[in-house]
Amino acid sequence: MRHFRPPLAALVLITGAVSYEHQPTNATHPWSERIDLPLIPVAVSMVPTTGEVAIWAAFKNDSFGVDAAGVTQTAIYNPKNGTIAHYSISHTEHDMFCPGISLDFKGRIIVSGGDTEEKTSIFDGKEWKAASDMKIPRGYQSSTTITDGRIFTVGGSFSGGIGNKDGEIYDPEADEWTLLPGCSAEPMLTNDAGGIYRSDNHGWLFAWSNGSVLQAGPSTKMHWFDTHENGSITHAGTRGNDTDGMAGMAVMYDAGKGKILTLGGAPSYNDSKATSNAHILTVHKPGEPVLVEEINNMHSARSFANAVILPDGKVFVVGGQSYPIVFTDANSSMVPELWDPKTKEFTELPKLPTPRNYHSSALLLPNATVFVGGGGLCPYACEANHLDAHIYTPPYFFESDGVTPAKRPIINHVVNPTLKIGQTLNVSLSQPVESTQKLTFSMVRMSSSTHTVNTDQRRVNVSPQAANATLFTLGLTRDAGVLLPGYWHLFAMLNGVPSEAETILVEPPMASQ
Ligand SMILES: *[C@@H]1O[C@H](CO)[C@@H](O)[C@H](O)[C@H]1NC(C)=O
Ligand SMILES: *[C@@H]1O[C@H](CO)[C@@H](O)[C@H](O)[C@H]1NC(C)=O
Ligand SMILES: *[C@@H]1O[C@H](CO)[C@@H](O)[C@H](O)[C@H]1NC(C)=O
Ligand SMILES: *[C@@H]1O[C@H](CO)[C@@H](O)[C@H](O)[C@H]1NC(C)=O
Ligand SMILES: *[C@@H]1O[C@H](CO)[C@@H](O)[C@H](O)[C@H]1NC(C)=O
Ligand SMILES: *[C@@H]1O[C@H](CO)[C@@H](O)[C@H](O)[C@H]1NC(C)=O
Ligand SMILES: *[C@@H]1O[C@H](CO)[C@@H](O)[C@H](O)[C@H]1NC(C)=O
Ligand SMILES: *[C@@H]1O[C@H](CO)[C@@H](O)[C@H](O)[C@H]1NC(C)=O
Ligand SMILES: *[C@@H]1O[C@H](CO)[C@@H](O)[C@H](O)[C@H]1NC(C)=O
Ligand SMILES: *[C@@H]1O[C@H](CO)[C@@H](O)[C@H](O)[C@H]1NC(C)=O
Ligand SMILES: CC(=O)N[C@H]1CO[C@H](CO)[C@@H](O)[C@@H]1O
């Protein structure tokens, strides 16, 4: 595993290795001690090629504003040994606060727009590079990698002027953005009290089969974007009786079955009452109406919260405010919840040590724990700044007494960690599986998180065929709309206890892309 060693000419290392030891946790105290960070983790992303976590804020560590020079404060966190290195990035001339983020099929982090509204930057695991400008400058847009490996984006009136933030698509191999005039942002506008400046923000985008992208929210009206030629839009139905869910959450927890869980959000971005609404969406073919099922609400109403899909398919919901007011910790929802796809019910979890609201982030780590950090980054000095994170240890790590560490399976070897769509995956475990034990596998796509948006995250259930007690063949879908190109975590689960992840690269269907 390579360590991050950027060329000194391009980056300024501010603080070097700071290391943290972690005390043991248990089911009633699942939070690590506070990890102090040199900046607010407003945006976080797995670095697929190194297993580290890239973190960034704005041109300042704890505040934002007009940044003519285009600087970004970043850090690289190594979850294996707790090392944190802090860099100031200026050579890309891109203040990457409030961007679209997507991980591509080479493990690169593609960051578009935000404070420096037209810029694109790419982190390849070693260094940040400047890429082509977008055709339409934007901030608060969402972007998603699609089936052929290109990246679609739409919306984003937070910066670069208000309105007309139609879709465009980025080819990372050609380093080229192309407008999709048929993918207007108009149909996805919410009725936000803040007007269009707010109403095209943070789209809930899900790449699906054949170059399609479902926009499942935050507007109650849902749409299909088709990215072929000049692009087109088809209405996909209304999200039941839900309200507009600005700064709510949507996660594809079972991509093989087209299942999406949508949660909370509020009719308006700021100064609005959040909901605790929960829905299951079922996606069929591109262009077809999406099936909507209203389920029992969350225990808490939440805007500016985060939802993280765990290896076992449960969804960890953390932070947010019942009455969202940006840059405050008022009305914080301090009790996280765990949603079970089998019962479709939420269970409350031990309380958060720190509020995690506007500008917080959350990310599944390769060892099946969850990074939860940030909040604040006000344009002025404020009390809601949280230059820290905690690691959450889910209940599956403990026996039923809640204290004894559960025995984790160990993936010994993956025969073919780089695979093309349609191939099988051959995996061996370190210990034979007994007939009384239940072995399952899942793949969770490596992901990124900022402003409640994580379009990279999704999960696929994988059923094993046993060759013998240690060797298994995993049959995978042929649909790149389900098994989206890019880097994935592979987890083995023995009686529900996950292994550490092995890294799998799913290459896009066409070799040229
Ligand atoms: C943490 O791991 C990285 C990568 O393996 C290594 O370069 C670094 O020196 C380690 N830091 C500490 C404090 O052990
Ligand atoms: C659980 O962990 C907390 C915090 O480390 C500790 O105070 C408590 O004693 C532990 N509980 C048990 C039953 O071990
Ligand atoms: C960011 O924090 C570091 C210390 O962690 C400090 O040296 C640096 O000056 C800060 N930079 C800005 C722009 O806030
Ligand atoms: C997982 O990694 C985090 C971050 O280093 C650490 O705090 C935690 O103890 C680890 N937990 C397990 C169960 O491996
Ligand atoms: C993919 O979408 C395009 C454009 O909508 C359509 O012409 C084509 O038939 C679709 N292909 C498949 C395999 O569905
Ligand atoms: C795409 O749009 C351009 C410019 O409006 C037009 O000339 C072209 O014919 C369109 N292509 C298709 C396939 O509709
Ligand atoms: C909307 O609410 C009505 C009345 O409560 C209910 O009958 C209907 O099933 C709901 N629609 C959805 C899609 O849940
Ligand atoms: C958010 O709402 C509060 C309460 O009305 C108001 O004081 C504040 O200025 C608003 N902030 C923004 C950025 O709209
Ligand atoms: C995986 O194992 C199956 C069954 O043993 C075999 O047919 C296949 O060739 C193997 N694939 C790879 C990539 O090793
Ligand atoms: C399973 O098969 C592999 C390949 O033939 C072999 O190396 C391994 O020892 C076998 N494991 C068991 C438990 O039989
Ligand atoms: C809707 C709601 O709960 N609003 C509360 C938010 O917090 C402020 C300050 O504590 C209260 O005054 C509101 O009632």
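Residues numbered from 1 in each chain as written. Chains lettered and ligands numbered in written order. Predicted model: local features only at pLDDT ≥ 70, side-chain atom pairs only at ≥ 80, totals over all residues. Heavy atoms only, no water.

Novice: Lay out the environment of Thr436 in plain terms, naming residues and giving numbers.
Specialist: Mapped onto the elements of the fold, Thr436 is located in the loop between β32 (425–429) and β33 (439–445). Thr436 gets classed as exposed once you look at its relative accessible area, which sits at 69%. Residues Thr436 and Pro405, spaced 31 residues apart in sequence, show a C-alpha to C-alpha distance of 20 Å. (Helix = DSSP H or I, 4+ residues; strand = E, 2+ residues; numbered from the N terminus. Buried < 20%, exposed > 50% of the residue type's maximum accessible area, 1.4 Å probe, protein only.)

Novice: Tell me about the state of the cysteines, and please be specific about residues and values.
Specialist: What the rule picks out here adds up to 1 disulfide. Covalent S-S linkage joins Cys378 and Cys382, the inter-sulfur distance amounting to 1.9 Å. Using a relative accessible area of 0% as the deciding quantity, one classes Cys378 as buried. (Disulfide = S-S within 2.5 Å.)

Novice: Explain the pattern of salt bridges to me, and be specific about the residues and the numbers.
Specialist: Within the structure shown, the criterion is met by 13 salt bridges. Between Asp36 and Arg34 there is a salt bridge whose closest N-O contact spans 2.7 Å. The partner of Glu173 in a salt bridge is Arg108, and the shortest N-O contact between them spans 3.1 Å. With Glu173 in the loop between β13 (168–171) and β14 (176–179) and Arg108 in the loop between β7 (100–103) and β8 (109–112), the pair connects residues that are 65 residues apart, well separated along the chain. Here Arg108 falls in the buried class, since its relative accessible area comes to 15%. Among the charged side chains, a salt-bridge network with shared partners connects Asp104, Lys106, Arg108 and Glu173. (Salt bridge = Lys/Arg side-chain N within 4 Å of Asp/Glu carboxyl O.)

Novice: Can you break down the site of ligand 2 residue by residue, with the values?
Specialist: Taken together, Pro24, Asn26, His29 and Val403 form the complete shell of residues around ligand 2. Of the residues in the shell around ligand 2, the class split is 2 nonpolar, 2 polar and no charged. (Near = heavy atom within 4 Å. Nonpolar A, V, L, I, M, F, W, Y, C, P; charged D, E, K, R; others polar.)

Novice: Just give me the short version of the packing of aromatic side chains, but keep the residues and values in it.
Specialist: Enumeration over the complete set of coordinates arrives at 22 aromatic pairs. Considering the side-chain rings of Phe327 and Tyr358, the 5.4 Å spacing of their centres and the 65° angle between planes classify their relative orientation as edge-to-face. Of this pair, Phe327 sits in the loop between β24 (315–318) and β25 (337–340) while Tyr358 sits in the loop between β26 (345–348) and β27 (360–364), and the two are 31 residues apart along the sequence. Seen from their ring centres, Trp339 and Phe346 are 6.5 Å apart, and the 45° between their planes marks the pair as tilted. The buried category is assigned to Trp339, whose relative accessible area is 0%. (Phe/Tyr/Trp six-rings, centres within 6.5 Å; stacked < 30°, edge-to-face > 60°.)

Novice: Let's hear about the nonpolar core: which residues, and what values?
Specialist: Residues Phe152, Leu214, Leu425, Phe441, Met443, Leu490 and Ile504 are the most contacted members of the largest nonpolar core, which totals 53 residues. In this structure, Ile504 is in contact with Val414, Pro417, Leu419, Leu425, Met443, Gly486, Tyr487, Trp488 and Leu490, ignoring residues within four places of it in sequence. (Core = buried A, V, L, I, M, F, W, Y, C linked by side-chain atoms within 4.5 Å. Contact = heavy atoms within 4.5 Å.)

Novice: I'd like a description of the sheet that holds β26, backed by residues and values.
Specialist: Taken in spatial order, the 4 strands make up an open sheet running β23-β24-β25-β26, and their pairing is antiparallel. Because the sheet does not close on itself, it has two edges, and the strands there are β23 (306–309) and β26. If you compare each strand with its neighbour and ignore which way they point, the axes differ by 25° on average. Pairing of β25 with β26 involves 4 bridges; the strand directions are antiparallel. Looking across to β26, one finds that Asp340 is bridged to Glu345. (Pairing = 2+ DSSP bridges. Axes fitted to C-alpha atoms, helices over the stretch in contact; angles between N-to-C directions.)

Novice: Describe the sheet that holds strand β21 (residues 278–282), and please don't skip the residues or the numbers.
Specialist: Pairing in this open sheet of 4 strands is antiparallel, and the strands run β19-β20-β21-β22 from one edge to the other. Edge strands, defined here as strands with exactly one partner in the open sheet, are β19 (249–254) and β22 (291–295). Looking at each pair of strands side by side, their axes are set apart by 25° on average, direction ignored.

Novice: Which residues make up the site of ligand 8, and what values go with them?
Specialist: All residues in the neighbourhood of ligand 8 are listed as Arg198, Asn270, Asp271, Ile325 and Val326. In this structure, Asn270 approaches ligand 8 through a side-chain N or O atom, which is 2.4 Å from an oxygen atom. Between ligand 8 and the protein, one listed contact pairs an oxygen atom with a side-chain N or O atom of Asp271 at 2.7 Å. Summarising the interface, the protein chains cover 43% of the accessible area of ligand 8, which totals 360 Å² for the free molecule. Partitioning the shell around ligand 8 into residue classes produces 2 nonpolar, 1 polar and 2 charged. (Polar contact = N/O pair within 3.5 Å; in protein donor to acceptor, adjacent residues only side chain to side chain. Areas by Shrake-Rupley, 256 points an atom, 1.4 Å probe, with all protein chains shown as cover.)

Novice: Pulling in residues and values, what's your account of the pairing of strand β37 (residues 471–474)?
Specialist: Residues Phe472 and Leu474 point to one face of β37 and are all buried, whereas Leu471 and Thr473, pointing to the other face, are not buried. The sheet contact formed by β32 and β37 spans 4 bridges and is antiparallel. Its bridge partner lying in β37, Ser428 is registered against Leu471. As paired strands, strand β36 (residues 464–466) and β37 are joined by 3 bridges and run antiparallel to one another. Bridge pairing in β37 places Ala466 opposite Phe472.

Novice: Please set out unusual backbone geometry residue by residue, giving values where relevant.
Specialist: Residue Pro218 follows Gly217 across a cis peptide bond; omega there is 0°. Here Pro218 is to be found in the loop between β16 (212–215) and β17 (221–226). The phi dihedral of Ala247 falls on the positive side, at around 60°, and the residue is not glycine. Along the chain, the position of Ala247 falls in the loop between β18 (232–238) and β19. According to the relative accessible area criterion, Ala247 is buried, its value standing at 2%.

Novice: Pulling in residues and values, what's your account of the environment of Ile40?
Specialist: Looking at the element boundaries, Ile40 is found in the loop between β2 (35–36) and β3 (43–47). Classification of Ile40 by relative accessible area gives buried; the value is 0%. C-alpha of Ile40 to C-alpha of Ser63: the two residues are 23 residues apart in sequence and 8.7 Å apart in space.

Novice: Explain the domain arrangement of the protein chain residue by residue, including any values.
Specialist: If you check the domain split of the protein chain, you get domain 1 (8–397) and domain 2 (411–507). Computed over C-alpha atoms, the centres of domain 1 and domain 2 are 23 Å apart. Counting residues at the interface gives 63 residues for domain 1, matched by 38 residues for domain 2. Together domain 1 and domain 2 conceal approximately 3600 Å² of surface at their shared face, both sides included; 58% is due to carbon and sulfur atoms. At the junction of domain 1 and domain 2, the tally comes to 0 salt bridges. Where domain 1 touches domain 2, the interface holds 18 residue pairs in polar contact (both at pLDDT 80 or more). (Domains from an automatic or database assignment. Buried area = accessible area lost by both parts, 1.4 Å probe.)

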